[in-house]
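Residues per chain are reported as follows:
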Amino acid sequence: FSALAQELDYDDEQPLLPTKHSRKLPPPVCPPSHLRSEVEAIFDAPVGTLIAYSKSQTGELKSAEEEMADAYYAADSVVQRVEFILRGLNSMISNESYVSRSLETGAMSLEEGEGGAGGDVMTKQDCFRAMIDLLSRIQEEGDAYDELRKRIRSQLTTSTDPTNSDSSSSSSSSDSDDSDDEEGVSEKDEEIFNEWSGGLNERMREVGFKVRQNSDSSSTSVNDASDADEEVSQEDYQFGASPGLTVHMVDLVLDALACLCEEEYGTKSSSSSVDLVQLMGKDASPPPAMGKDLLDTVLHRHWLDGGDIGLSAEAKATAVGQGIGIGSGTGAGSLSNLSPSTNFDVRTCPTSMTFNAVIRIASNFDPKAHAEAVEKYNILNGEGSSQRSSNGADKDNLKQQQEMLRDITIDAAFSTYSRMKFCSALTLRALKDSTKNATSRSAVKRQAKLVAEGALTGRNSATYAYLLQTVSNCIPPSLSRGNIAFGLYHKACDQEGVIDENVIKAMRSIGGYEEDNNDDGTSAPPVSNGPIFDNFLQTELGAGVSSALEKGRSLRQDRNYKLRRHVDWDGSY
């Protein structure tokens, strides 16, 4: 509650007054010696006991607002505990992890309790597996809470329903209408909801989201009967995202995976790196696909809480900020006012770290090395041939696997980059940090139009640096690679204004420049990507990073590079 309350030697004669709210204190980090016991305590608890549902004291149905408030209050303690554990696990993954760097700068604090440093310290492998299992465990807890809430509300609705099945059809119809009016859901409302959800499901399928069919919809499903999804009703959309899982939890896991990829495949490879194939299993999704799946989970929960993720019916200003919660008249979303001063729900609102961590994973991932590691793993486990024919099927299969992993990596990076444009909350956060709050109605409308047209986004320097690294690693030297890199660099400099040293280094790597030793600017790029691109790279960046950065600053191409960071002290995200 108070920074003063943490002091053990305060004067008892002086009144104990709060000096700082707990939200302003550095987030605590679980010490290494306590990690194993804390993790086991979470896993040992039966499902449904960590987030307990409480019925109304009056025995009546709770309103949607009461249900959402009670859900997050019930989950608050276990959420803080799991985040506390995940921060400790993240710090054990790498010295370059987000939590490790936060501890160095004082942005987070390590809580040293009983047990000291002599406890059973977890390895990197155990820490990462524990992080993945904790996400699954907290999701199970939220699903169990949702299921119990649904059953209890169904029982209360049935017990209080005045409709009698033995009464006449006229009286039954009258009672049913009265009951619908009491619950606030009429037949007309159901029809509107079914029509709205059907159109939304179509748009979700178009962008690759898995959707569930409306149980009240009489229209023919687009998918075959064998692919029929789980049925849902308006009740499932009423209370927003399930309690438990937060964006901060997913951010920590994505950052840990990015650090592991960087140690094994990137420039910071070390002897203590972890074999990702052995850690995750040969049949598991590769790291870029895993990162994209976690991003899908975050965006889906944000969408349930009313956040816009690019699924609006029309691409106009009035559609911005309309997720499922606002579009259906339910949910917990509060983005429809399109104001940068909106109090975002940090539990489900994605951050720049959420997106950039996925692109960072893709930028450090090596498809060729990973495919060879999978083949080696299969050979050691007796599932592959120990002698590969130079012209045989094994070589062709390896090449196909490498190309498939390359495509997965490119898809993860560029789809994440595209989704950053459609996430209105991320853009509004950038507006809040980089511009004055709009107070007049006309100013709010202008900002809403900029957001709807995609002229402003929440992308920052790390976004373009990691994306250019992905282009350099996954696309061979060609005119296409040069055109893609030029388009990204132009957007980062002129449109977004987020140029920094990392963006310039990543752009120079497209042309094969490795060291900042081209002070004269007369040497052509070692790697050619077409004469036009080569000439541009030599003219603009051939003189070195320092010269290019100074030129960019004179043109105000760095006007937003600090304002859009995830945290002001670090440019990794």
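Criteria and thresholds
- Residues numbered from 1 in each chain as written.
- Predicted model: local features only at pLDDT ≥ 70, side-chain atom pairs only at ≥ 80, totals over all residues.
- Heavy atoms only, no water.
- Helix = DSSP H or I, 4+ residues; strand = E, 2+ residues; numbered from the N terminus.
- Buried < 20%, exposed > 50% of the residue type's maximum accessible area, 1.4 Å probe, protein only.
- Contact = heavy atoms within 4.5 Å.
- Areas by Shrake-Rupley, 256 points an atom, 1.4 Å probe, with all protein chains shown as cover.
- Polar contact = N/O pair within 3.5 Å; in protein donor to acceptor, adjacent residues only side chain to side chain.
- Core = buried A, V, L, I, M, F, W, Y, C linked by side-chain atoms within 4.5 Å.
- Salt bridge = Lys/Arg side-chain N within 4 Å of Asp/Glu carboxyl O.
- Axes fitted to C-alpha atoms, helices over the stretch in contact; angles between N-to-C directions.
- Parallel < 35°, antiparallel > 145°, perpendicular 65-115°, else oblique.
- Left-handed = near helix turned anticlockwise from the far one by under 90°.
- Nonpolar A, V, L, I, M, F, W, Y, C, P; charged D, E, K, R; others polar.
- Phe/Tyr/Trp six-rings, centres within 6.5 Å; stacked < 30°, edge-to-face > 60°.
- Lys NZ or Arg CZ within 6 Å of the ring centre and 35° of its normal.
- Expected span 1.5 Å × (residues − 1).
- pLDDT = per-residue confidence, 0-100.

### Points about the overall build of the protein
Argument step 1. Regarding its fold elements, the protein presents 20 helices and 2 strands.
Argument step 2. When each of the 573 residues of the protein is scored for burial, the buried share is 46%.
Argument step 3. Contacts spanning at least 24 positions in sequence make up 73% of the contacts within the protein whose residues lie at least 6 apart.
Argument step 4. Looking at the protein as shown, the accessible area adds up to about 28,800 Å², and 47% of this sits on carbon and sulfur atoms.

### Thoughts on the environment of K62
Argument step 1. The residue K62 is located in the loop between α1 (35–44) and α2 (64–93) in this model.
Argument step 2. With relative accessibility at 9%, the residue K62 sits in the buried group.
Argument step 3. As a C-alpha pair, K62 and R153 span 91 residues in sequence and 8.5 Å in three-dimensional space.
Argument step 4. If we ignore the near neighbours within four places in the chain, the residues touching K62 are Y53, S54, K55, S56, E67, D70 and R153.
Argument step 5. Within polar-contact distance, the side chain of K62 engages the backbone oxygen of S54 at 2.5 Å.

### Comments concerning the nonpolar core
What tends to happen in soluble globular proteins is that the nonpolar side chains get buried as a cluster.
Argument step 1. One finds L89, F128, Y489 and M507 to be the most contacted residues of the largest nonpolar core, which totals 109 residues.
Argument step 2. It is helix α7 (residues 247–264) that contributes the most residues to this core, 12 residues altogether.
Argument step 3. Look past the residues within four positions of F128 in its chain and what remains in contact with it is I93, V253, A256, L257, L260, L279, M280 and M290.

### Some points on unusual backbone geometry
Argument step 1. Not every positive phi belongs to a glycine, and R556 is a case in point at roughly 60°.
Argument step 2. Relative to the helices and strands, R556 resides in the segment after α20 (545–554).
Argument step 3. Given the relative accessible area of 54%, R556 is considered exposed.

### A word on the pattern of salt bridges
Argument step 1. Within the structure shown, the criterion is met by 19 salt bridges.
Argument step 2. One salt bridge in this structure joins K292 and D411, with 2.6 Å as the shortest N-O distance. On the criterion of sequence distance, the pair formed by K292 in helix α9 (residues 287–304) and D411 in helix α13 (residues 393–422) is long-range, its members being 119 residues apart.
Argument step 3. Here K292 falls in the buried class, since its relative accessible area comes to 19%.
Argument step 4. Linked through salt bridges whose partners overlap, the residues forming this network are R36, D126 and R129.

### What to know about the packing of α1 against α2
Argument step 1. Running from amino to carboxyl end, α1 crosses α2 at an angle of 140°, the nearest separation of the two axes being 10 Å. In this view, α1 runs oblique relative to α2, as classed from their interaxial angle. In the packing of α1 onto α2, the handedness of the crossing is left-handed. Here α1 contributes L35, E38, V39, A41 and I42 to the contact with α2, which in turn contributes R81, V82, I85, G88, L89 and M92.
Argument step 2. Here the residues of the contact of α1 with α2 are counted per class, giving 8 nonpolar, 1 polar and 2 charged.

### Here we look at the packing of aromatic side chains
Argument step 1. Considering all chains together, one arrives at 7 aromatic pairs under this definition.
Argument step 2. With a centroid separation of 5.6 Å and an interplanar angle of 75°, the aromatic rings of Y417 and Y464 are classed as edge-to-face. Here the residue Y417 occupies a position in helix α13, and Y464 occupies one in helix α16 (residues 461–474), the gap between them amounting to 47 residues. Neither residue differs from the other here; Y417 and Y464 are each classed as buried.
Argument step 3. The interplanar angle of 90° and the centroid separation of 5.0 Å between the aromatic rings of F486 and F536 together place this pair among those described as edge-to-face. Note that F486 is positioned in helix α17 (residues 479–496) and F536 in helix α19 (residues 531–541), a separation of 50 residues in sequence.
Argument step 4. Looking at F486, the relative accessible area reads 38%, which means it is partly exposed.
Argument step 5. Connected via pairs of aromatic rings, a cluster forms that spans F486, Y489, F533 and F536.
Argument step 6. For K62, the ring lying beneath its charged end belongs to Y53, and the centroid distance is 4.9 Å.

### Some remarks on the packing of α9 against helix α11 (residues 352–364)
Argument step 1. Here α9 crosses α11 at 170°, and the two axes come no closer than 9 Å. The orientation of α9 relative to α11 falls into the category roughly antiparallel. Considering the relative orientation of α9 and α11, their crossing is left-handed. Contact residues: P287, P288, G291, K292, L295, V298 and L299 in α9; T354, F355, V358 and I361 in α11.

### Digging into helix α12 (residues 367–380)
Argument step 1. Spanning 14 residues, α12 covers 20 Å between terminal C-alpha atoms, matching the ideal 20 Å at 1.5 Å per step.
Argument step 2. Taken residue by residue, α12 has P367, H370, A371, A373, V374, E375 and N378 as its buried positions.
Argument step 3. One or two steps after α12, the chain reaches G382, where phi turns positive at roughly 75°.

### Brief notes about the side chain of E496
Argument step 1. Summarising the element assignment, E496 is placed in helix α17.
Argument step 2. Given the relative accessible area of 2%, E496 is considered buried.
Argument step 3. At a separation of 2.7 Å, a polar atom in the side chain of E496 contacts the side chain of T457.
Argument step 4. With residues near it in sequence (within four places) discarded, E496 still touches T457, R459, Y464, K491, R559, N560 and R564.

### Considering the confidence of the model for the protein
Argument step 1. Of all residues in the protein, 66% have pLDDT values of 70 or greater, and the mean over the chain is 77.
Argument step 2. The least confident element of the protein is helix α10 (residues 324–327), whose mean pLDDT is 40; the most confident is α11, at 96.
Argument step 3. The model gives residues 1–8 a pLDDT under 50, and that stretch makes 17 contacts with residues more than four places away or in other chains.
Argument step 4. Low confidence marks residues 313–342, where pLDDT is under 50. Its contacts with residues over four positions away, or in another chain, come to 83 contacts.

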